[in-house]
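Each chain, letter by letter, is given below.
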Amino acid sequence: MTTVDEHLAAVLDQITPVREVTLPLAQAYGLVLTQDVTSPVDLPRFANSAMDGYAVRAADVAGASPESPKLVPVAGDIPAGDGEGHTLGEGMTWRIMTGAPMPEGADAIVKVEDTDGHSHEVLISASVEPGTHVRRAGEDVRAGERILSAGSRIGPAQVAVLASAGVAEVTVRDAVRVVVLSTGDELVPVGEPVGPGQIHDSNGPMLAALVRAAGHYTTHVGHLPDDEKSIKKELDHHLTSADLVITSGGVSKGAYDAVKAVLTGAGSMEFTEVDMQPGKPQGFGLLGRRKVPVFTLPGNPVSVLVSFEVFVRPALSRLSEQRYEQVTVPAVVLSGWTSPAGRQQYHRVRLLRDVSGAYAAEPAGGPGSHLVAGLAVADGLAIVPAEESEVLTGSQVQVLPLRPLWEIEAELAQESATDQDGAQGAGSEAGRPRGRHRGAS
């Protein structure tokens, strides 16, 4: 059998990024820049006030204090957005709002809290140094300076700096268009009645959600019957527009595994057995004139999710040029389990805290790849190397999180607080770890 690393390398070697496009900034969120972006202007664009207060010459209010305030005439108001341009006369002040341009001749701002706030003559009760509460033009970014590098993913903060600099459009890798197809005559879409021997399709909705969680888009979620002619027609249709196709089911050794029958020998398609559990039967290749990457995954839901995390997610990142590295966390095993010899196992686990505060892991649900209830409560996949056939209680495993760690941490903290509240009201049992905070034995 092929190892997990070998199959992943074979997949990624065939992936090339999607097309480069120039888009309005409002449409570029989540995409990756393909060119450096330089600022066309200084940021801030002009010197402005960082406070509501009074623009002054620092020398004019030297020595001012609560015990000895200075009375200064006010030339007028400068609101934010004022574009008229103002000059500060000697011994005068302008009342100014946050973000308003500094009047010529002023070198500091006295915040309104250090004044009596009057609009014609103001008592100033604090001295200031030149530059106090002044945002200097270009102190953040100079015109012509690089503000984002090629390879940067455009998130909220990146949108902010681009918009501030007036960058209306950017050149990025286009959004990856993913088609998801579940196979099998036994499948019925959610919401429709099931007949004898039929089940609701869970793989399609799950894969669509996984694609969205990875920051991409599904343009179609559909179904393939166990009919070779229909499968070929449907796949050919989507190969004209999709950037990646994922099918589930129909790739094992059964008499009705039609996807494998249709695609064997097509394009660069290869079907292989990977030394992993679950998810052994895998297929991947480039199909059609546009050489679209096509993943054919096993049919059981747990196998589908594991296959997505191990193979499809990295491929999506390569297509979109997003940075990706599989991140795992170490965890102490609270209750051991067995693993098939010669196959790298991905075991569903819940993450907890042991008595030392480190992560601990316990199995979530049974081992069957069709069991979705345990999958729904799993926080991650414990990775058991192929050479290990038993995971001992008290040993350490690496866990691939299925949710963001901050979300898991927040849940653990909430449950810890709940446990502590319960322990305080439990009399003699106060202080005993409960819930998801357990001691490793």
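Described below are features of the structure shown in this document. This structure is a prediction, so every number in the text was calculated from the model and none was measured.

1. Some points on the overall build of the protein
Then step 1. Regarding its fold elements, the protein presents 8 helices and 27 strands.
Then step 2. Over its C-alpha trace the protein gives a radius of gyration of 31 Å, far above what one expects of a compact globule, namely 22 Å for 441 residues.
Then step 3. Its C-alpha atoms put the protein at 95 × 70 × 45 Å along the principal axes.
Then step 4. A burial count over the protein gives 45% of its 441 residues as buried.
Then step 5. For the protein, the accessible surface area stands at approximately 21,100 Å², while carbon and sulfur atoms represent 51% of it.

2. Description of the sheet that holds strand β4 (residues 53–56)
Then step 1. An order of β7-β4-β6-β5-β8 is seen for the 5 strands of this open sheet, with the pairing classed as mixed. With partners counted over all chains shown, the strands left at the sheet margins are β7 (108–111) and β8 (121–124), one partner each. Across this sheet, the average inter-strand angle for adjacent strands is 45°, counted without regard to direction.
Then step 2. For β4 and β7, the ladder comprises 4 bridges, and the chain directions are antiparallel. Bridged to V56 within β7 is A108.

3. Points about the packing of helix α3 (residues 203–213) against helix α6 (residues 301–320)
Then step 1. Look at α3 against α6: their axes get within 10 Å of each other, and the N-to-C directions meet at 25°. Relative to α6, the element α3 is oriented roughly parallel. The handedness of the crossing between α3 and α6 comes out as right-handed. Here N203, M206, L207, L210, V211 and A213 of α3 come into contact with α6, specifically with P301, V304, L305, F308, E309 and R313.
Then step 2. Of the residues assigned to the contact of α3 with α6, the class counts are 9 nonpolar, 1 polar and 2 charged.

4. Description of the sheet that holds strand β16 (residues 244–248)
Then step 1. The 6 strands lie next to each other as β15-β12-β16-β20-β19-β17, forming an open sheet whose pairing is mixed. Both outer strands of the open sheet, β15 (217–224) and β17 (270–273), are each paired with one neighbouring strand and no more. Going across the sheet, the axis of each strand differs from the next one's by a mean of 15°, ignoring polarity.
Then step 2. Bridge count between β16 and strand β20 (residues 292–297): 4 bridges; the pairing is parallel.

The rules we used
Residue positions are given per chain, counted from 1 along the sequence in the order it is written. Predicted model: local features are reported for residues with pLDDT of at least 70 only, side-chain atom pairs are reported and counted for 80 or more only, and whole-chain, interface and lining totals are derived from all residues. Where side-chain values are given, they derive from all heavy atoms of the structure, hydrogens and water being excluded. Secondary structure is summarised from DSSP: a helix means a run of H or I of at least four residues, a strand means a run of E of at least two, and numbering begins at the N terminus for each. All radius of gyration figures rest on C-alpha atoms, and the globule criterion is 2.2 Å times the number of residues raised to 0.38. Burial classes follow relative accessibility: with a 1.4 Å probe on protein chains only, a residue under 20% of its type's maximum area counts as buried, one over 50% as exposed, and anything between as partly exposed. For accessible areas, the Shrake-Rupley method is used with a probe of radius 1.4 Å. Any residue's cover is judged against the shown protein chains and nothing else. Two strands qualify as a pair provided that DSSP identifies no fewer than 2 bridges between them. Only C-alpha atoms enter the line fits that serve as axes; for helices the fit covers just the stretch in contact. Angles between N-to-C directions range over 0 to 180 degrees. An angle below 35 degrees is read as roughly parallel, one above 145 as roughly antiparallel, one from 65 to 115 as roughly perpendicular, and any other as oblique. Throughout, a crossing is termed right-handed when the near helix is turned clockwise from the far one, and left-handed when it is turned anticlockwise from it by less than a right angle. A contact between two residues is defined here by any heavy atoms of the two lying within 4.5 Å. Three classes are used: nonpolar for Ala, Val, Leu, Ile, Met, Phe, Trp, Tyr, Cys and Pro, charged for Asp, Glu, Lys and Arg, and polar for all others, with Gly counted as polar.

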